[in-house]
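Residues per chain, in single letters:
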Amino acid sequence: MGVNHPTVPYYPPEVWILAAFDPVLIGLALFLGWKADQFGKVVLVAMIALVVSVLVSWVLTGIGVPWPAPIGRELPTFFPVRTGAALIYAIIGYTARRTFAPRA
């Protein structure tokens, strides 16, 4: 009797990278990062952007709309890439506000 090992699907690196360029993730993380008034809120902003982008990607994929990083039963979610990207975009939004916006 042989040991039955699950087969792990292989996805090329460019597919992983596409998950970081989800337009909803980018827009929401940048906007909410811009609105954050404390650096500690950046992590919360990143989590919100991640959840919303995954839900939007899942719905759009489910109805057949082409999407840069589709999500489905047979498709990967790429949570590590999406989480890292959300945090980076939120930090960029937060930093941009502190750098370019006039102080009130």
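Further up the page is the structure itself.
Residues numbered from 1 in each chain as written. Predicted model: local features only at pLDDT ≥ 70, side-chain atom pairs only at ≥ 80, totals over all residues. Heavy atoms only, no water.

J.: Just to check I follow, could you spell out the environment of Pro 76 for this structure?
T.: By the secondary structure assignment, Pro 76 is in the loop between helix H3 (41-62) and helix H4 (79-100). Among the residues examined, Pro 76 registers a relative accessible area of 17% and is labelled buried. Along the sequence, Pro 76 and Ile 92 sit 16 residues apart, while their C-alpha atoms lie 26 Å from each other. Setting aside residues no more than four positions away along its own chain, Pro 76 makes contact with Tyr 11, Pro 70 and Ile 71. (Helix = DSSP H or I, 4+ residues; strand = E, 2+ residues; numbered from the N terminus. Buried < 20%, exposed > 50% of the residue type's maximum accessible area, 1.4 Å probe, protein only. Contact = heavy atoms within 4.5 Å.)

J.: Quick question: what am I supposed to make of the packing of aromatic side chains here?
T.: Working definition: an aromatic ring pair is given by the centre-to-centre distance plus the angle between the planes. Tallying each qualifying case throughout the model produces one aromatic pair. Taking 5.4 Å as the distance between ring centres and 70° as the angle between the ring planes, the aromatic pair formed by Phe 39 and Tyr 94 counts as edge-to-face. Pair noted here: Phe 39 is in the loop between helix H2 (23-35) and H3 and Tyr 94 is in helix H4, with a separation of 55 residues, a long-range link. On the basis of relative accessible area, Tyr 94 is assigned to the buried category, the value being 14%. (Phe/Tyr/Trp six-rings, centres within 6.5 Å; stacked < 30°, edge-to-face > 60°.)

J.: When you look at the pattern of salt bridges in this model, what are you seeing that I'm missing?
T.: Any two side chains of opposite charge can pair if their charged atoms end up close together. Summed over the entire model, instances satisfying the criterion amount to two salt bridges. Between Arg 82 and Asp 22 there is a salt bridge, with the nearest N and O atoms lying 3.0 Å from each other. Of this pair, Arg 82 sits in helix H4 while Asp 22 sits in the loop between helix H1 (13-20) and H2; the two residues are 60 residues apart in sequence, bridging distant segments of the chain. The buried category is assigned to Arg 82, whose relative accessible area is 0%. For Asp 22, a relative accessible area of 0% translates into the label buried. When the shortest N-O distance is used, the salt bridge between Lys 41 and Asp 37 registers 2.7 Å. (Salt bridge = Lys/Arg side-chain N within 4 Å of Asp/Glu carboxyl O.)

J.: Teacher, can you tell me more about H2 here?
T.: An α-helical turn contains 3.6 residues, so a residue and the one three or four places further along point in the same direction. Over its 13 residues, H2 extends 18 Å from the first C-alpha to the last, a length consistent with the 18 Å expected when each residue adds 1.5 Å. Looking only at H2, the buried set comprises Leu 25, Ala 29 and Gly 33. Projected down its long axis, H2 carries its buried residues within an arc of 45°, all on one side. The secondary structure elements touched by the buried residues of H2 are H1, H3 and H4. For H2, the N-terminal cap is Asp 22; the gap from its side-chain oxygen to the backbone nitrogen of Val 24 is 3.1 Å. (Expected span 1.5 Å × (residues − 1). Arc of directions from axis to C-beta. Polar contact = N/O pair within 3.5 Å; in protein donor to acceptor, adjacent residues only side chain to side chain.)

J.: Before we go on, may I ask you to explain the environment of Phe 100 in this structure?
T.: Position of Phe 100 among the secondary structure elements: in helix H4. On the accessibility criterion, Phe 100 (68% relative accessible area) is exposed. For the pair Phe 100 and Pro 70, spaced 30 residues apart in the sequence, the C-alpha separation amounts to 34 Å.

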